[in-house]
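Chains, contacts and geometry: an overview
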Amino acid sequence: MTNAQTTDSDRFSLSMRLFHWGMAALVLSMLAAGLLMVTSLQPWQLTLLNIHKACGVIAILLVTARLINRLRHKLPALPKELSAWQKTVAKVSHWLLYILMFAMPVSGYLMQYFAARPIDIIGIFRLPAALQVNIQYYSLFRELHAVLAISLITLIALHAGAALHHHFIRKDTVLKSML
Amino acid sequence: MKTLYLALLFTPALCLSAGKPAQVTAQQFVNLQQGDAVFPGFRRAHAKGICISGEFHSNGQLAGYSKASLFNEGVTPFIGRLSIAGNNPTAPDLKSPVRSMALSFAISHTEQWRLAMNTPPVMAVADPHTFYQQIQAVQAGPAAIQQFLSEHPEASEFRAWAAQYQATGSFAAETYHSINAFYLVNSNGEQQAVRWAMQPTVAVPASALDGNDALQTEIASRIAGAPVVFNWVFTLAEPADDEDNPTKAWPENRRQVTAGQLILTGTTAQLEGDCHAINFDPLVLPSGIAATRDPILRARSAAYVESYRRRAKEQLDGALEGSNND
Ligand code: HEM
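Residues numbered from 1 in each chain as written. Chains lettered and ligands numbered in written order. Predicted model: local features only at pLDDT ≥ 70, side-chain atom pairs only at ≥ 80, totals over all residues. Heavy atoms only, no water.

As annotated in an unreviewed UniProt entry, chain B is Catalase-related peroxidase from Arsukibacterium indicum. Under the Function (unreviewed entry) heading, UniProt states for chain B: "Has an organic peroxide-dependent peroxidase activity." (UniProt positions renumbered as here; feature names shortened; annotations may be inferred.)

With an unreviewed UniProt entry as reference, chain A is termed Cytochrome b, source organism Arsukibacterium indicum. The UniProt entry for chain A carries this comment under Subcellular location (unreviewed entry): "Membrane".

Here it is, written out as structure tokens:
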């Protein structure tokens, strides 16, 4: 391999790398759990559902901390070889990922809120819900949660594909900067 | 560091391997329940019903067993629904073999309790996949259901109940059972497995009834005349009893505690009432009540929410279309 070498200035900071991979694990687990629990009639469905909701709360806290952390750090520059439109696509896709990481837990919470289902966080505390059901708002956020999940899966696939393309085809430092 | 990143990426696989492959999915189950004729906006099961409202008057007897606030001595209002089993919201009331009561206690913004109860005290089968086959047999006709029951010895208690059960002439005169067991949890964290029943305080013979909406008309005029009362009776399991098997009743001599009285004071047609929008998922529980591992109980959440999602979307689509026509 003749991949370009990385120096410290073209790598993401340690905190950003930890956020990136930690949240990658969390988000992929949440997507897998979500797809599984809406179809399963197995006895562990309820347990998985409760973990999914608790992790949703963790996810919104983590993505908030991650965004603050990102705004405080200098990012490594994208490779100079990239054209202006490619750079724009890269940046827009990253901001879309952030928007979806916020929108997933928020839509999930709102659908439970309007179904008047308080969320129990592993027996420690409960997130409030409406006293009275609003079935149309429930439906709106339920369907939104699903559409956003499909968008997130698509975007993650493109994101990972692009990272591998940089590494193996263009042989630049983009993937390495996150390792 | 790279191994750590890689290891993190495999955590979703842990979720996927957490259980055996599903035999019947929630979608398949609800497809079977709804059958070929879909009634948009209505429940896929227990589609025909009437909204009720009233109060639970707790006598405080159960407060030592559960920290749920509605068991403290006092009054908690509820919204509920009396229904018959089946997918058709216009079916004749008297044709259905099962009658039901569902309740929703909106205790606070953080505490909600939903209950859905039926007339039989036990299930014929012990898991959702066999229940699916039972419904297939019911849909196929009397011969198929006889065949099914003879192949399922666990259905014996259900059959014995069905053989002696006589439908009454009123929703007010039926006994409604939790069927599945739950745990009461008190403030010391102690658990007690229980089942419960809403026991009627009136006897109404079946003979006087007639008409497609016989039960709904009867209960509406009865409650308009005077409140209808049920005793909420809990049966407490002993260690020898299996709380995870809904086909077996516990012995007759188990301790029973009457937690108070359920007082029904109002009825509303379901399309005008608040109950139509509620998902009476029996796993919406307040602190102080917890689910057992009963496979039937555990399957209910996913199936109820699949039915709920479908009918909610149909209602949303309907409302959006309605506003476009304005
Ligand atoms: C695996 C077992 C079961 C499945 C899959 C199942 C499925 C369903 C579904 C899909 C609904 C419609 C939910 C909605 O759209 O709101 C429903 C309603 C209902 N079920 Fe079940 N059920 C099961 C067991 C039971 C048992 C054991 C009982 C009684 C103890 C019961 C009592 C009821 C009642 C009363 C309703 C109507 C609630 C209402 O008025 O909204 N079900 N069921």
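Moving on, we get to the overall build of chain A. Of regular secondary structure, chain A possesses four helices and two strands. The helix and strand sequence of chain A, counted from the amino end, reads α-α-α-β-β-α. Taken along the three principal axes of its C-alpha coordinates, chain A extends 60 × 30 × 25 Å. When the accessible surface of chain A is totalled, it reaches about 9,300 Å², and 72% of it is carbon and sulfur. Averaged over its 16 positive side-chain charges, chain A has a centre that lies 2 Å from the centre of its 6 negative ones. (Helix = DSSP H or I, 4+ residues; strand = E, 2+ residues; numbered from the N terminus. Areas by Shrake-Rupley, 256 points an atom, 1.4 Å probe, with all protein chains shown as cover. Lys, Arg positive; Asp, Glu negative; His and termini not counted. Charge placed at Lys NZ, Arg CZ, Asp CG, Glu CD.)

Take the side chain of S104 of chain B next. Mapped onto the elements of the fold, S104 of chain B is located in strand β3 (residues 99-106). Apart from residues no more than four positions distant in its own chain, S104 of chain B is found in contact with F78, I79, Q112, W113, R114, I278 and F280 of chain B. (Contact = heavy atoms within 4.5 Å.)

Time to look at the environment of M123 of chain B. All names here are of chain B. Relative to the elements of secondary structure, M123 occurs in the loop between β4 (112-118) and α4 (128-140). Taking the C-alpha atoms as reference points, M123 and N180, separated by 57 residues in sequence, lie 8.5 Å from one another. Filtering out sequence-adjacent residues up to four positions away, M123 remains in contact with F131, F158, I179, P246, T247 and I296.

This next bit is on the UniProt feature "transmembrane region" (unreviewed entry) in chain A. Residue and element names in this part refer to chain A. Per the UniProt record, the feature "transmembrane region" (unreviewed entry) sits at residues 18-39, 51-68, 95-115 and 147-169. Strand forms 0% of residues 95-115 and helix 95%; the C-alpha atoms that close the span are 30 Å apart. As a span, residues 147-169 carries 100% helix and 0% strand, and end to end its C-alpha atoms are 32 Å apart.

All names here are of chain B. Per the stated rule, a full pass over the model turns up one disulfide over all chains. Between the sulfur atoms of C51 and its disulfide mate C275 the distance is 2.1 Å. Since a negative S-S torsion denotes a left-handed disulfide, the C51-C275 link at about -80 degrees is left-handed. Taken as a pair, C51 in strand β1 (residues 48-58) and C275 in the loop between β9 (256-269) and β10 (289-291) lie far apart in primary sequence, 224 residues in all. Accessibility expressed as a relative area gives 2% for C51, which makes it buried. Residue C275 is classed as buried on the basis of its relative accessible area of 0%. (Disulfide = S-S within 2.5 Å. Buried < 20%, exposed > 50% of the residue type's maximum accessible area, 1.4 Å probe, protein only.)

A contiguous nonpolar patch, built from L35, I150 and I153 of chain A and spanning about 270 Å² of accessible area, is present on the exposed surface. Within the secondary structure layout, I150 of chain A lies in helix α4 (residues 135-170). (Patch = residues over 30% accessible without salt bridge, like charges linked within 9 Å, V, L, I, M, F, W, Y side chains within 5 Å. Salt bridge = Lys/Arg side-chain N within 4 Å of Asp/Glu carboxyl O.)

Moving on: the nonpolar core. Judged by nonpolar contacts, the single largest core of 45 residues is most densely connected at F71, L103, F105, W113, W232, F234 and L262 of chain B. Among the elements that make up this core, the one with the highest residue count is strand β8 (residues 228-236) of chain B (five residues). Every residue in contact with L262 of chain B, bar those within four places of it in the chain, is listed here: E55, F56, F78, M101, L103, F105, M198, V228, V229 and F230 of chain B. Counting 16 residues, the second-largest nonpolar core is a separate cluster that includes V133 and Y138 of chain A together with C51 and A102 of chain B. (Core = buried A, V, L, I, M, F, W, Y, C linked by side-chain atoms within 4.5 Å.)

A word on the interface of chain B and chain A. Many analyses report the size of an interface as the accessible area lost when the parts associate. Every contact between the two is made by 57 residues of chain B and, on the other side, 44 residues of chain A. Summed over both partners, the interface of chain B with chain A comes to about 4,200 Å²; 63% of that surface belongs to carbon and sulfur atoms. A salt bridge links D281 of chain B to R117 of chain A; the shortest N-O distance between them is 3.1 Å. For the interface between chain B and chain A, the tally reads 14 residue pairs in polar contact (both at pLDDT 80 or more). Listed by contribution, the elements that provide at least two residues to the side of chain B that touches chain A are α1 (2-9), α2 (11-16), α3 (26-34), β4, α4 and α8 (295-325) of chain B. Looking at the side of chain B that touches chain A residue by residue, the classes come out as 32 nonpolar, 14 polar and 11 charged. (Buried area = accessible area lost by both parts, 1.4 Å probe. Polar contact = N/O pair within 3.5 Å; in protein donor to acceptor, adjacent residues only side chain to side chain. Nonpolar A, V, L, I, M, F, W, Y, C, P; charged D, E, K, R; others polar.)

Donation to the iron atom of the ligand from the protein comes from one atom only, Y304 of chain B (OH), at 2.2 Å. Positionally, Y304 of chain B belongs in helix α8. (Donors = N, O, S within 2.8 Å, 3.2 Å for Na, K, Ca; no water.)

Turning to the site of the ligand, a few remarks are in order. Residue and element names in this part refer to chain B. Surveying the vicinity of the ligand reveals 27 residues, the closest of which are R43, R81, Y304, S307 and R311. In the model, an oxygen atom of the ligand is placed 2.4 Å from a nitrogen or oxygen of the R43 side chain. Among the secondary structure elements, those contributing two or more residues to the shell around the ligand are α3, β3, β4 and α8. With eight residues, α8 is the largest single contributor of residues to the shell around the ligand. When the residues that make up the shell around the ligand are grouped by side-chain class, the tally is 14 nonpolar, nine polar and four charged. (Near = heavy atom within 4 Å.)

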